[in-house]
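So you can see what is in the structure, the chains are spelled out below.
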Amino acid sequence: MEPFWLWRVMLVVHDALVLLVDFSLIAFASNKPGKVSLSMVAPINFHPEAAGLSLMLAVITSSDAPLVLLDGQLAVIAASASFCHAFQIDPASVPGKRLSELGNGEWDVPQLNSLLEATASGAAEVQGYEFSLNRNGLAPRCLVLNAHKVKYDDREQTRLLLAVADVTEARANDKIRDDLLRDKAILLKEVQHRVANSLQIIASILMQSARRVNSEETRGHLNDAHGRLMSIAAVQQQLAASGLGKVELRSYFTQLCKSLGASMIPDHRLLTIEVSVDASVTDGNTSTSLGLIVTELVINALKHAFPENRSGKIVVDYRSHGPNWTLSISDNGVGMPAPSEGVKPGLGTNIIEALAKSLDSEIKVASANPGTAISVIHAQLAVVPVARIV
Amino acid sequence: METNQRSTFKLLFAGNRMMNSAVILVVEDHPLIRLSAMELVEAAGFHAIGAENADAAIAILEARADIRLVFTDVEMPGSIDGLKLVHYIRDRWPPVHLIVVSGRDKLHENQLPAGSKFFSKPYNDNTIVAEMTRLLGT
């Protein structure tokens, strides 16, 4: 058992240590950024609970985020270094002042005062309150304030913790970003407009030329070229409408076939084009290729399947399952003749074969009795897991 | 002799125009597109007049009383665009038929005057001619 005098020495040492810790927390005013400086007011009661209180005050004063501790009369008990530095408040001028008295009165705003008073009385909390700090000769700062009553121990003293976030830069960046997005949308529309105009010019020139030439064959070639152009134009319109770089095939093929019908079918009571497509969606390049294949095959059917005013129907069908898809164009016309020896395939055949190859697909031609069915099939090999035998 | 033939020719030509060609005003700022559209109108049997913006179109409409249809682009330089133009025309000259085309926006029926039609660029020549024929009843 230690002697009694040792206990008394230990108590004195303890008190001295507490005193040392507390005194070391007292303000060393400094205006140099980056240096830790603190501002504290109310006298500390030197008993063991003071260590806990000191910790709270130390946390507040050294906080990176601007923090202010207020009492029930909205007087500042402690303000973080970051608060003083951010809002150019001299830490030495803080002790004993109410929040509204800080600086040159820029914190003395009726709405803020009433909000803090309501918080102090427990009637409200300040959550995300947007506050514009206006100081003479300085640009206004956009602040977001949060304040709530701090409850600790059984103390009856009112304590408010006010957190201040300066969002001026963030708001400015948001505005810049929104402006850029809007400019980008406007530019995109401009581009679509120019593309549509260019396609219009080319389409018009082709039609004008078709009207002027005397040769039936040449006129046919020009009309085919016009058809192919309209198929590309239709993709552009779909892409413009979706805005996401994706094309809904059902609406694209429907529009395409309507356009082809309008250009190439003289009597709609005799010939119709039917479109049956599932809900598939693809990217711009794939849909352009698919559309060009549809254009070629539909033009072919219109030219060859219904001679001598024969009536009939052309069906454009597309369905996909996972990565696999099948496009088929069929008609109920006179059917395909047997392939002749030594006849070079026309431009249309070459286009279809090249496009099918670029889409990793194969072409199948079958008789539809009556008529013809041409399918373009894209099928990947599925990997079937091997069953384990236990 | 020659003079007589020429005058006969002129008379015949004017006579045909007066009898079966409705006058259509084509409003489009791009010269190539405007010329193509005017040629399309003429090939369909109508008589085409061109204007390169809304202000010019209004001046023409004020100067002559025989324009029966206005075919206009939306995007044009000048004090008003094609959409405002057709609303103005409908207000001031109600009997004139209206066809609107655009390469940028897809317009809805409720944005256009009643009875007017909208087509996206590039438009299908046959579709446009069919619509003009339907509206002008020839």
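One structure accompanies this document, and this report is about it. (Residues numbered from 1 in each chain as written. Chains lettered and ligands numbered in written order. Predicted model: local features only at pLDDT ≥ 70, side-chain atom pairs only at ≥ 80, totals over all residues.)

**Comments concerning the interface of chain B and chain A**
Let me state the cut-off plainly: Contact between two residues is assigned whenever their backbone-derived C-beta positions fall within 7 Å. Numbering of helices and strands starts at the N terminus; helices are DSSP runs of H or I of at least 4 residues and strands are runs of E of at least 2. Amino acids outside the nonpolar list (Ala, Val, Leu, Ile, Met, Phe, Trp, Tyr, Cys, Pro) and the charged list (Asp, Glu, Lys, Arg) are all regarded as polar, and Gly is one of them.
If you look at the interface, chain B gives 17 residues, while chain A gives 20 residues. At the level of secondary structure, the elements contributing two or more residues to the side of chain B that touches chain A comprise helix 2 (31-43) and helix 5 (125-136) of chain B. It is helix 2 of chain B that provides the largest number of residues to the side of chain B that touches chain A, a total of five residues. Tallied by class, residues from the side of chain B that touches chain A come to four nonpolar, seven polar and six charged.

**What to know about the packing of helix 5 (residues 168-212) of chain A against helix 2 of chain B**
We count it as follows: Every axis in this analysis is a line fitted to C-alpha atoms, fitted for helices over the stretch in contact. Angles between the N-to-C directions lie between 0 and 180 degrees. Roughly parallel means an angle under 35 degrees; roughly antiparallel, over 145; roughly perpendicular, 65 to 115; everything else is oblique. Here a crossing is called left-handed whenever its near helix is offset anticlockwise from the far helix by less than a right angle, and right-handed whenever the offset is clockwise.
The N-to-C vectors of helix 5 of chain A and helix 2 of chain B enclose an angle of 40°; their axes lie 9 Å apart at closest approach. When the axis of helix 5 of chain A is compared with that of helix 2 of chain B, the two are oblique. As for the relative orientation of helix 5 of chain A and helix 2 of chain B, their crossing is left-handed in sense. Taking contact as the criterion, the partners of Asn197, Gln200, Ile201, Ser204, Gln208 and Arg211 of chain A in helix 5 of chain A are, on helix 2 of chain B, Leu32, Ile33, Ser36, Glu39 and Ala43 of chain B.

**Describing the sheet that holds strand 12 (residues 362-367) of chain A**
Residue and element names in this part refer to chain A. Keep this limit in mind: Strand pairing follows a simple DSSP-based rule, namely that at least 2 bridges must link the two strands.
In space, the five strands of this open sheet follow the order 8-10-11-13-12, with mixed pairing throughout. The open sheet is flanked by strand 8 (271-277) and strand 12, the only strands paired with a single partner. Direction aside, neighbouring strands of the sheet carry axes that sit 15° apart on average. Inspection of the sheet shows strand 12 paired to strand 13 (residues 372-378) by six bridges, in the antiparallel sense. Opposite Val365, over in strand 13, you have Ile374 as the bridge partner. Contacting strand 8, strand 10 (312-321), strand 11 (324-331) and strand 13, helix 8 (residues 284-304) crosses the sheet at an angle of about 20° to strand 11.

**Overview of the nonpolar core**
Our working definition: The term nonpolar core refers to a set of buried Ala, Val, Leu, Ile, Met, Phe, Trp, Tyr and Cys residues connected through C-beta atoms within 7 Å. Buried means a residue has 20 or more other C-beta atoms within 10 Å of its own C-beta, exposed means 12 or fewer, and partly exposed covers the counts in between; C-beta atoms are placed from the backbone.
Ranked by size, the top nonpolar core spans 43 residues in total, and within it Phe253, Val294, Val298 and Val316 of chain A carry the most contacts. Within the residue set of this core, elements represented by two or more residues are helix 5, helix 6 (216-242), helix 7 (249-264), strand 8, helix 8, strand 10, strand 11 and strand 13 of chain A. For this core, the element with the highest residue contribution is helix 8 of chain A, accounting for nine residues. In contact with Phe253 of chain A, other than residues within four places in its own chain, are Val275, Val277, Val294, Val316 and Tyr318 of chain A. Core analysis: the second largest hydrophobic core is formed by 33 residues, Ala51, Ile58, Leu61 and Leu85 of chain B among them.

**Brief notes about the environment of Trp107 of chain A**
Along the chain, Trp107 of chain A falls in the loop between helix 3 (81-86) and helix 4 (110-120). Spatially, the C-alpha atom of Trp107 of chain A lies 9.7 Å from that of Phe131 of chain A, the residues being 24 residues apart in sequence.

**So, the sheet that holds strand 1 (residues 23-27) of chain B**
To summarise the sheet geometry, strands pair through backbone hydrogen bonds and adopt either a parallel or an antiparallel arrangement. All names here are of chain B. The strand order across the open sheet built from five strands is 2-1-3-4-5, with neighbouring strands paired in parallel fashion. A single partner strand is all that each edge strand has here, and the edge strands are strand 2 (47-51) and strand 5 (117-120). Averaged over all pairs of adjacent strands, the angle between their axes in this sheet comes to 20°, without regard to strand direction. The sheet contact formed by strand 1 and strand 2 spans five bridges and is parallel. The partner of Ile24 across the bridge, within strand 2, is Ala48.

**With respect to the pairing of strand 3 (residues 76-79) of chain A**
All names here are of chain A. For strand 2 (residues 67-71) and strand 3, the ladder comprises three bridges, and the chain directions are antiparallel. Bridge pairing in strand 3 links Leu69 to Ala78. Connecting the antiparallel pair strand 2 and strand 3 is a turn made up of four residues, with Leu74 showing a positive phi of about 65°.

**What about the pairing of strand 4 (residues 97-102) of chain B?**
Residues and elements named next belong to chain B. Going by this rule: The crossover handedness rule: strands pointing away from the viewer, path from first strand over the helix to second strand clockwise, crossover right-handed.
Of all six residues making up strand 4, six are buried, and the element is well covered by its neighbours. Burial along strand 4 is two-sided: the face carrying His97, Ile99 and Val101 and the face carrying Leu98, Val100 and Ser102 are both buried. Relative to strand 4, strand 3 (residues 67-73) is paired through five bridges, and the arrangement is parallel. By the bridge assignment, Asp73 is partnered in strand 4 with Val101. Of the crossover connections in this fold, the one passing from strand 3 over helix 4 (residues 82-92) to the parallel strand 4 is right-handed.

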